[in-house]
Structures are given as structure tokens and as C-alpha cells.
Amino acid sequence: MKKAASKIIKFCTFICMSLLVIPSQGVASGANNKQYEVGIFPHLQKNYQPVVENLSKSIDHKVHFSTDESIENFYEHLKKEYYDIVVAQPFEYVILSKKYGYIPLATKKQPIKALIVAKKGGAIQNIQNLLGRKLLLPPNSTVTSYLTKKHLHNFGFDLNHDISIRYERTHVSCLQKLLLGFADACATRQATLDFFERRMEMKFQVISQTPEIPDILFAAHPRVDAAHRKILTKALFQWGDTKEAKKLLSNKSLTSFRPITDKRYDIVRKIKAEVDAY
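Residues numbered from 1 in each chain as written. Predicted model: local features only at pLDDT ≥ 70, side-chain atom pairs only at ≥ 80, totals over all residues. Heavy atoms only, no water.

Colleague: Whenever I open this one, the sheet that holds strand β7 (residues 164-167) confuses me. Can you help?
Modeller: The strands that make up a sheet pair up through hydrogen bonds in the backbone, lying either parallel or antiparallel. With mixed pairing, 5 strands are arranged side by side in an open sheet as β7-β6-β8-β5-β9. This sheet does not close on itself; its edge strands, each paired only once, are β7 and β9 (204-209). Averaged over all adjacent pairs, the angle separating strand axes in this sheet is 30°, with direction ignored. Pairing of strand β5 (residues 115-119) with β9 involves 5 bridges; the strand directions are antiparallel. (Pairing = 2+ DSSP bridges. Helix = DSSP H or I, 4+ residues; strand = E, 2+ residues; numbered from the N terminus. Axes fitted to C-alpha atoms, helices over the stretch in contact; angles between N-to-C directions.)

What follows is the structure, encoded as C-alpha cells:
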């Protein structure tokens, strides 16, 4: 336990340093006809900055986003339709599409799924072993939480009685508590699991994985010119061929993109409606 705790302290220090972002060159003043404002969840801004910079080069219209925006401001701006272009997770997108008419441009090439993991060699060897056990999830609005709860329900679990579900603030804290023995299992995504295992020099056991859905996407507000939307979609699709992109793709900090239609997110709408009704 002491050894694991020591590793986690060092890991947390690394996380804090890695979340530092490049200072903003100015506070955005809102959408206007001189530039397109891009909204990106704060913890993803550093990863997506080179993609946004490439978009700006592809079109005769300035593309801008603030790199020091708080989570609170990000969601407040979403509510006010401040962003011309957003980078949204699938369950956020279906809300934005319904409320404000946002139009999909491109999504990450690889679909997303959730993984349920437990300690190796422990009592939890498969999903059925979770009956009566404690499962940790990231926040309930995340893709991982929605997919995991749908997956458990499909296996016959009554989420209110057959399993104890608790929510953590982040994927990392979920895995940390599993490592320290405060839960029987944790649901996360592949990228986070790989990162955590690499930093902690250990391995968890994947006991189950959910079906896949389309992942994070770029979407445009209807006020964005239709011709510009086509250019932006093409630029996102071709971004993976750029020199900078190949470097980022090689170290798995980002993936390439592919065009996507709104219809492909019907499965997300279906899962959201079902899980919200549980």
C-alpha cells in the first residue's frame, strides 16, 4: 500500500505539470464576422491546439480559441451559443445538436469504447463478479459512464440494487482508488488506462469492454458559412497527413479524423435516452 501511495503522489505531481497550458494571447470577445471562435474542453485544449492552428491556415477566416478558459466558462459559453466550432464528446454533441443545431464536421478516426478493469489476480475476473461490488466511474456525463451503465444493464444488472456505483472527478482518480483498494473495479478508456499503467509501471486486468460508438467530434454552429464548413471538414480529414500531425499520431497524443454525419450519432441518442431513464 505504501509503495502504491508513493507512486501515486509522484504521478499526481506529473499530472499537475502536464496540465499546464500555453498562455492565451487575449480574451475572446465572442463570435463575430471576423473570426470563428472554437470551444474545446479545457483539459483537451493543449492536444487540439495544433489542429485548430491548421484549420486557421486552411480558410480565409481567422479561427481562434482561448487556451486559459475555465471549465465553468466553457460550459457557460456553450449555453450561450458563443462558439462557432466546438470539440465535443458524443453525449454533449447530441444535446448541442438538438438545442442549437450544431452540424458535425469530422470525428476521431477510431471509435470509442469503455473498459471495465480490476486488479490482476483478484476476485473480480469477469463482469458477473461485480454483483454486490463497488464500481468507480468518471463523472456521470462522460462517455465512459454512459457506455458502462448501458453495458451493465444489458448484462441484467439493476444499477440501483445489484451494484454500488460511485463517481470520481477524473479517470485518473478512478484508477488511483482502484490501485489503492478502495473499489473492486473501475471503468475507463483505453488511452487513460495505457497512460496510467505506463506511469505506474503496472497492469490492470480488463474484465469487460463495451460496444463502440463514434468518438469526439468537431461540430459547427449553423451560422458558420456552408462553404466554410466543407473546407473545414476537408482540412480536418487531411490533417493526419501533415508533418506535425504524424509526429503527434506516432506518440498517440491524438488521432486522425474522418468525416461524420449526424445520423451516425443516433446510437448515442438511443443510449442516452435509455440510460437517463434508468
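So much for the structure itself; the text now carries on.
Colleague: Explanation requested: helix α4 (residues 90-100) in the structure shown.
Modeller: Working note: α-helix, 3.6 residues per turn, so residues spaced by three or four point in the same direction. Most of α4 is tucked away: 8 of the 11 residues are buried. Residues Pro 90, Phe 91, Glu 92, Tyr 93, Val 94, Leu 96, Ser 97 and Tyr 100 constitute the buried set of α4. Elements in contact with the buried residues of α4: α3 (71-79), β3 (85-88), β4 (103-108), α5 (143-154), β10 (217-220) and α10 (266-276). Between the side-chain oxygen of the N-cap and the backbone nitrogen of Phe 91 there are 2.6 Å, and the N-cap of α4 in question is Gln 89. Taken from the residues just after α4, Gly 101 is the one with a positive phi, measuring 80°. (Buried < 20%, exposed > 50% of the residue type's maximum accessible area, 1.4 Å probe, protein only. Contact = heavy atoms within 4.5 Å. Polar contact = N/O pair within 3.5 Å; in protein donor to acceptor, adjacent residues only side chain to side chain.)

Colleague: Would you mind showing me how to read unusual backbone geometry here?
Modeller: Keep in mind that most residues, glycine aside, have a negative phi and that most peptide bonds are trans. Despite not being glycine, Glu 81 has its phi angle at roughly 55°, a positive value. By the element assignment, Glu 81 lies in the loop between α3 and β3. Classification of Glu 81 as partly exposed rests on a relative accessible area of 30%. Despite not being glycine, Glu 201 shows a phi value in the positive range, around 55°.

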